Amino acid sequence: DIVMTQSPDSLAVSLGERATINCKSSQSVLNNSNNKNYLAWYQQKPGQPPKLLIYWASTRESGVPDRFSGSGSGTDFTLTISSLQAEDVAVYYCQQYYSTPLFGQGTRLEI
Amino acid sequence: QVQLVQSGAEVKKPGASVKVSCKASGYTLSSYGFSWARQAPGQGLEWMGWISGYNGNTNYAQKLQGRVTMTTDTSTSTAYMELRSLRSDDTAVYYCARSGPVSSGYYLDYWGQGTLVTVSS
């Protein structure tokens, strides 16, 4: 299995500041045949199901604010929130779907 | 609009089985699949498996092999997840999510609201 490790486990950022969450996979999730990284990011608020933010490592889901962006390739990926808003307080998960899907352990983002 | 509506909360005794349903609307079932994931209290997300809405193929997490069965009923656009031989550590919120049609290698773009399954004697 391709294991996903997120860092940090928790993060406190001031309103309006940048938040950066990292995700590292134990093996590459880049499919060389289509040049796509099989990596998604989800946001989960308390009492709610996860919400898809980013897929193929950098494609923003429809309706997701453009302050959210994803980057990286191969084994190292980053979710960036360019200017933190109060409603962004949540737990964020990365997930690889290159092989048997696995989620990272989650990163708790606070103000 | 796409919606996934799950069945209600369940309380089961150890050793029993539970079957959770997930009714889909707003899209063509055969064009997608369903993944199931669970979340124990205060814990992260655990992927459980996937079923194709196209041909019924499945892919289960190795740790659940032999205890889990995923099915679909195309006539009602409903997916089911049955978990047998329940243990206390199966207590969790169970989610269905829309996934790819031909393999589990796809992101999860719509999620059900979750179903709390409590296993307790």
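A. Layout of the overall build of chain A. A tally of regular secondary structure across chain A gives zero helices and 13 strands. Each helix and strand of chain A, ordered N terminal to C terminal, gives the series β-β-β-β-β-β-β-β-β-β-β-β-β. Here chain A, with 111 residues, has 49% of them falling under the buried criterion. Residue pairs in contact within chain A that sit at least 24 positions apart in sequence constitute 56% of those at least 6 positions apart. Taken as a whole, chain A presents about 5000 Å² of accessible surface, with 44% of it coming from carbon and sulfur. Positive and negative side-chain charges in chain A, numbering 8 and 9 respectively, have mean positions lying 4 Å apart.

B. A look at the packing of aromatic side chains. Evaluation of the coordinates by the stated rule reveals 14 aromatic pairs over all chains. Ring geometry for Trp 56 of chain A versus Tyr 106 of chain B: centroids 6.4 Å apart, planes at 85 degrees, classification edge-to-face. In this pair, Trp 56 of chain A sits in the loop between strand 7 (51-55) and strand 8 (59-60) while Tyr 106 of chain B sits in the loop between strand 9 (92-99) and strand 10 (115-119), so the two residues belong to two different chains. Owing to a relative accessible area of 17%, Trp 56 of chain A belongs among the buried residues under this scheme. By relative accessible area, which is 25% here, Tyr 106 of chain B ends up partly exposed. Over the ring of Tyr 80 of chain B we find Lys 19 of chain B; its NZ or CZ atom is 5.0 Å from the centre of that ring.

C. Geometry of the state of the cysteines. All names here are of chain A. By the definition in use, this model includes two disulfides over all chains. Here Cys 23 engages in a disulfide with Cys 94; their sulfurs sit 2.1 Å apart. Residues Cys 23 and Cys 94 are joined by a disulfide whose S-S torsion is about 75 degrees; by sign, that bridge is right-handed. Taken together, the positions of Cys 23 in strand 3 (residues 19-25) and Cys 94 in strand 11 (residues 90-96) put the pair 71 residues apart, joining distant regions of the chain.

D. View of the sheet that holds strand 3 (residues 18-25) of chain B. Residue and element names in this part refer to chain B. Taken in spatial order, the four strands line up as 1-3-8-7 in an open sheet, and their pairing is antiparallel. Only two strands of the sheet have a single partner each, and these edge strands are strand 1 (3-6) and strand 7 (68-73). Neighbouring strand axes in the sheet, compared pairwise and without regard to direction, differ in orientation by 20 degrees on average.

E. Geometry of the interface of chain A and chain B. At the junction of the two partners, chain A supplies 17 residues and chain B supplies 17 residues. Of all residues in chain A, Pro 50, Pro 101 and Phe 103 of chain A bury the most surface against chain B, accounting for 33% of the area lost on that side. At the junction of chain A and chain B, the tally comes to zero salt bridges. Across the chain A-chain B interface, the total number found is four residue pairs in polar contact (both at pLDDT 80 or more). Residue assignment for the side of chain A that touches chain B shows that the elements contributing at least two residues are strand 6 (39-44), strand 7 and strand 11 of chain A. Among the elements that make up the side of chain A that touches chain B, the one with the highest residue count is strand 6 of chain A (three residues). In the side of chain A that touches chain B, the residues fall into 12 nonpolar, four polar and one charged.

F. Looking closely at the pattern of salt bridges. All names here are of chain B. The tally for this structure, following the rule as stated, stands at 11 salt bridges over all chains. A salt bridge links Lys 12 to Glu 10, with the shortest nitrogen-to-oxygen separation between them at 3.9 Å. Overall, Lys 12 belongs to the partly exposed group, its relative accessible area being 24%. Of the charged contacts, one joins Asp 90 and Arg 67 as a salt bridge, the two residues approaching to 2.8 Å between their closest N and O atoms. Residue Asp 90 is found in the loop between strand 8 (78-83) and strand 9, and its partner Arg 67 is found in the loop between strand 6 (58-60) and strand 7; the two are separated by 23 residues along the sequence. Comparing Asp 90 with Arg 67 shows no difference in burial state: the two are buried. Salt bridges sharing partners connect three or more residues here, namely Arg 38, Glu 46, Lys 63, Arg 67 and Asp 90.

G. Examining the environment of Gln 39 of chain B more closely. Within the secondary structure layout, Gln 39 of chain B lies in strand 4 (residues 33-39). The class for Gln 39 of chain B is buried, based on a relative accessible area of 12%. Spatially, the C-alpha atoms of Gln 39 of chain B and Ala 92 of chain B are 5.2 Å apart, while their sequence positions differ by 53 residues. Filtering out sequence-adjacent residues up to four positions away, Gln 39 of chain B remains in contact with Gln 44 and Tyr 93 of chain A together with Gly 44, Leu 45, Ala 92, Val 93 and Tyr 95 of chain B. Among the polar contacts made by the side chain of Gln 39 of chain B, one reaches the main-chain carbonyl oxygen of Gln 43 of chain B at a distance of 3.0 Å.

Calculation notes
Residues numbered from 1 in each chain as written. Chains lettered and ligands numbered in written order. Predicted model: local features only at pLDDT ≥ 70, side-chain atom pairs only at ≥ 80, totals over all residues. Heavy atoms only, no water. Helix = DSSP H or I, 4+ residues; strand = E, 2+ residues; numbered from the N terminus. Buried < 20%, exposed > 50% of the residue type's maximum accessible area, 1.4 Å probe, protein only. Contact = heavy atoms within 4.5 Å. Areas by Shrake-Rupley, 256 points an atom, 1.4 Å probe, with all protein chains shown as cover. Lys, Arg positive; Asp, Glu negative; His and termini not counted. Charge placed at Lys NZ, Arg CZ, Asp CG, Glu CD. Phe/Tyr/Trp six-rings, centres within 6.5 Å; stacked < 30°, edge-to-face > 60°. Lys NZ or Arg CZ within 6 Å of the ring centre and 35° of its normal. Disulfide = S-S within 2.5 Å. Pairing = 2+ DSSP bridges. Axes fitted to C-alpha atoms, helices over the stretch in contact; angles between N-to-C directions. Buried area = accessible area lost by both parts, 1.4 Å probe. Salt bridge = Lys/Arg side-chain N within 4 Å of Asp/Glu carboxyl O. Polar contact = N/O pair within 3.5 Å; in protein donor to acceptor, adjacent residues only side chain to side chain. Nonpolar A, V, L, I, M, F, W, Y, C, P; charged D, E, K, R; others polar.

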